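# Chains, contacts and geometry: an overview
Chain residues, written in single-letter form:
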Amino acid sequence: VLPAWHSHKAILWDNLAQVLVAAGKGEAAKEAFRRSYLITRVSAGEGTPPTELALALYKHPPTSTAELALSYASVKEQLASMERFGLQGLAFLANNTPDH
């Protein structure tokens, strides 16, 4: 069982949001992005790259699968940028997420 505030729960909410965008359920998708952001903020920390990305998706949720693809292409660019600075992308995030 995962703790209440765990990065895997944020990923689950993000995945649900993506499905809802694809299904054309914008308001439900925005709520799922909001929940992903709230969990990410606690599990990854305020102002961190994953939290900023989650906030951007919540504030400006994609409205189509095409926009969704563009949004996540941006995420991949962010992770590549982190790796260039010696932060090993998702491995860095996984190893530096506080347990709550």
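Source: prediction; values computed, not measured. (Residues numbered from 1 in each chain as written. Predicted model: local features only at pLDDT ≥ 70, side-chain atom pairs only at ≥ 80, totals over all residues. Heavy atoms only, no water.)

### What about the pattern of salt bridges?
Inclusion rule: A pair is scored as a salt bridge if a Lys or Arg side-chain nitrogen falls within 4 Å of a carboxyl oxygen belonging to Asp or Glu. Helix and strand definitions here come from DSSP, where helices need a minimum of 4 consecutive H or I residues and strands a minimum of 2 consecutive E residues; each element is numbered from the N-terminal end. Three exposure classes are used, based on accessible area relative to the maximum for each residue type with a 1.4 Å probe and protein chains only: buried under 20%, partly exposed in between, and exposed over 50%.
In this structure the tally under the stated criterion is three salt bridges. E31 serves as the salt-bridge partner of R35, at 3.0 Å between the closest nitrogen and oxygen. With R35 and E31 both in helix α2 (residues 26-44) and four residues apart, this pair spans about one turn of that helix. Classification of E31 by relative accessible area gives partly exposed; the value is 29%.

### A look at the packing of aromatic side chains
Stated formally: Pairing of aromatic rings covers Phe, Tyr and Trp, the last through its six-membered ring, and needs centres within 6.5 Å; plane angles under 30 degrees mean stacked, over 60 mean edge-to-face, and all others mean tilted. In this analysis the charged atom, NZ for Lys or CZ for Arg, is taken to sit over a ring once it is within 6 Å of the ring centre and within 35 degrees of the ring normal.
Enumeration over the complete set of coordinates arrives at one aromatic pair. Its guanidinium or amino end placed over the ring of Y58, K30 lies 5.5 Å from that ring's centre, counting from NZ or CZ.

### Structural notes on the packing of helix α1 (residues 7-22) against α2
Rules: Helix axes use the C-alpha atoms of the stretch in contact, all axes being lines fitted to C-alpha atoms, and the angles between their N-to-C directions lie in the range 0 to 180 degrees. The labels follow the angle: roughly parallel below 35 degrees, roughly antiparallel above 145, roughly perpendicular from 65 to 115, and oblique for the rest. By the definition used in this description, the sense in which the near helix is turned from the far one sets the handedness, with an anticlockwise turn below a right angle giving left-handed and a clockwise turn giving right-handed. Any two residues whose heavy atoms approach within 4.5 Å at even a single point are treated as in contact. Any residue that is not Ala, Val, Leu, Ile, Met, Phe, Trp, Tyr, Cys, Pro, Asp, Glu, Lys or Arg is counted as polar, Gly included; the first ten are nonpolar and the last four charged.
One way to put it is that α1 packs onto α2 with a least axis distance of 8 Å and a crossing angle of 165 degrees. Comparing the axis directions of α1 and α2 gives the class roughly antiparallel. The two elements α1 and α2 cross, and the hand of that crossing is left-handed. Contacts between α1 and α2 pair S7, K9, A10, W13, D14, L16, A17, L20 and V21 from the former with A28, A29, A32, F33, R35, S36, I39, T40 and S43 from the latter. Here the contact of α1 with α2 is composed, by residue class, of eleven nonpolar, four polar and three charged.

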